[in-house]
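Report on the structure
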Amino acid sequence: MSTNNAPQDRIDAGSLSSLQLVGVVLAAISGVLHLYLAALFVPSPMGLSFVVAGVGFLAGCAAIVADYRRPLVYLLGIPFTLGQVVAWYVVNAPDFSVLGYVDKAAQVGLIAVLVVLYRRES
């Protein structure tokens, strides 16, 4: 009789639905874009805000992939992402960039995905 005492992998990307995977990709796009912008603006307060946003999006991706309290992550992700869209508009209007439009498109899509996922799983 053999027992397997090897640690179980906590990350199982195969357990993600198609919609969850779309959400992870959209959040990763926004997270990477924010970290790129952080590198351009550090050490200013704007640069630090980009770091916080980028880390927030990537931490959300990690939590979803690790199957850590997904409904709570969806619920927290909605106002977090919506706040990013509003802040972008307030700070940048009327001088918007292509990079900003790409990021906001990803974020608006992410908000829609998060709403659907939260409604399905709660």
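Predicted, not measured: the structure shown is a model, and the values here were computed from it.

To continue, consider the pattern of salt bridges. Applying the stated criterion across every chain, the model contains two salt bridges. Aspartate 67 serves as the salt-bridge partner of arginine 70, at 3.4 Å between the closest nitrogen and oxygen. By relative accessible area, aspartate 67 is classed as partly exposed at 43%. Linking aspartate 103 and lysine 104 is a salt bridge whose minimum nitrogen-to-oxygen distance equals 2.9 Å. Across the pair, lysine 104 and aspartate 103 agree in class, each one buried.

Turning to the packing of helix H3 (residues 70–92) against helix H4 (residues 98–121), a few remarks are in order. Running from amino to carboxyl end, H3 crosses H4 at an angle of 150°, the nearest separation of the two axes being 9 Å. As far as their axial angle goes, H4 and H3 are roughly antiparallel. H3 and H4 meet at a crossing whose hand is left-handed. Side by side, H3 and H4 meet where Arg70, Pro71, Tyr74, Leu75, Gly77, Ile78, Thr81, Leu82, Gln84, Val85 and Trp88 of the first sit next to Gly100, Tyr101, Lys104, Gln107, Leu110, Ile111, Leu114, Val115, Leu117, Tyr118 and Glu121 of the second. Tallied by class, the residues present in the contact of H3 with H4 amount to 14 nonpolar, five polar and three charged.

Moving on: helix H2 (residues 45–65). With 21 residues, H2 extends 30 Å between its outermost C-alpha atoms, agreeing within 8% with the 30 Å of an ideal straight helix rising 1.5 Å per residue. Turning to H2, its buried residues number three or more, namely Gly47, Phe50, Ala53, Gly54, Phe57, Cys61, Ala63, Ile64 and Val65. Considering only its buried residues, H2 is in contact with helix H1 (18–41), H3 and H4. After H2 finishes, the residue aspartate 67 shows a positive phi value of roughly 60°.

In this section: the side chain of histidine 34. When you line up the elements, histidine 34 lands in helix H1. Take histidine 34: its relative accessible area is 3%, and that puts it in the buried class. Beyond its immediate chain neighbours, meaning those up to four positions away, histidine 34 contacts Phe50, Ala53, Gly54, Phe57, Gln84, Asp103, Lys104 and Gln107.

With that settled, consider the packing of aromatic side chains. Inspection of the entire model under this criterion finds six aromatic pairs. Arranged with centres 5.0 Å apart and planes meeting at 65°, the rings of phenylalanine 57 and phenylalanine 80 form a pair that is edge-to-face. Of this pair, phenylalanine 57 sits in helix H2 while phenylalanine 80 is found in helix H3, placing the two residues 23 residues apart along the sequence. Classification of phenylalanine 80 by relative accessible area gives partly exposed; the value is 30%. When the centroid spacing of 5.9 Å and the interplanar angle of 70° are considered together, the rings of tryptophan 88 and tyrosine 101 count as edge-to-face. With tryptophan 88 in helix H3 and tyrosine 101 in helix H4, this pair connects stretches of sequence that are 13 residues apart. The class of tryptophan 88 is buried, set by a relative accessible area of 16%. Three or more aromatic residues joined by ring pairs make a cluster, and in this case those are Trp88, Tyr89, Phe96 and Tyr101.

Rules used in this analysis
- Residue numbers restart at each chain and count upward from 1, following the sequence in its written direction.
- At least 70 in pLDDT is required for a residue's local features to be given in this predicted model, at least 80 for side-chain atom pairs to be given and counted, and no such filter applies to totals for whole chains, interfaces and linings, which use all residues.
- Water and hydrogen atoms were dropped before computing side-chain values, which therefore reflect all heavy atoms in the structure.
- The rule for a salt bridge is simple: a side-chain nitrogen of Lys or Arg has to be within 4 Å of a carboxyl oxygen of Asp or Glu.
- When accessible area is computed with a 1.4 Å probe and restricted to protein chains, residues below 20% of their type maximum are described as buried, those above 50% as exposed, and intermediate ones as partly exposed.
- Every axis in this analysis is a line fitted to C-alpha atoms, fitted for helices over the stretch in contact. Angles between the N-to-C directions lie between 0 and 180 degrees.
- Every helix listed is a DSSP run of H or I at least four residues long, and every strand listed is a run of E at least two residues long, numbered separately from the N terminus.
- Any angle that falls under 35 degrees is termed roughly parallel, while one over 145 is termed roughly antiparallel, one within 65 to 115 roughly perpendicular, and all others oblique.
- We call a crossing left-handed when the near helix sits turned anticlockwise from the far one by less than a right angle, and right-handed when that turn is clockwise.
- In this analysis, two residues are considered to be in contact whenever any of their non-hydrogen atoms come within 4.5 Å of each other.
- Each residue gets one label: Ala, Val, Leu, Ile, Met, Phe, Trp, Tyr, Cys and Pro are nonpolar, Asp, Glu, Lys and Arg are charged, and the others, such as Gly, are polar.
- Given the number of residues in a helix, its expected span is that number minus one, multiplied by 1.5 Å.
- In this analysis, rings of Phe, Tyr and Trp, with Trp reduced to its six-membered ring, are considered paired at centre separations within 6.5 Å, and the interplanar angle assigns stacked below 30 degrees, edge-to-face beyond 60, and tilted for intermediate values.

What is shown is where atoms sit, not what they do.
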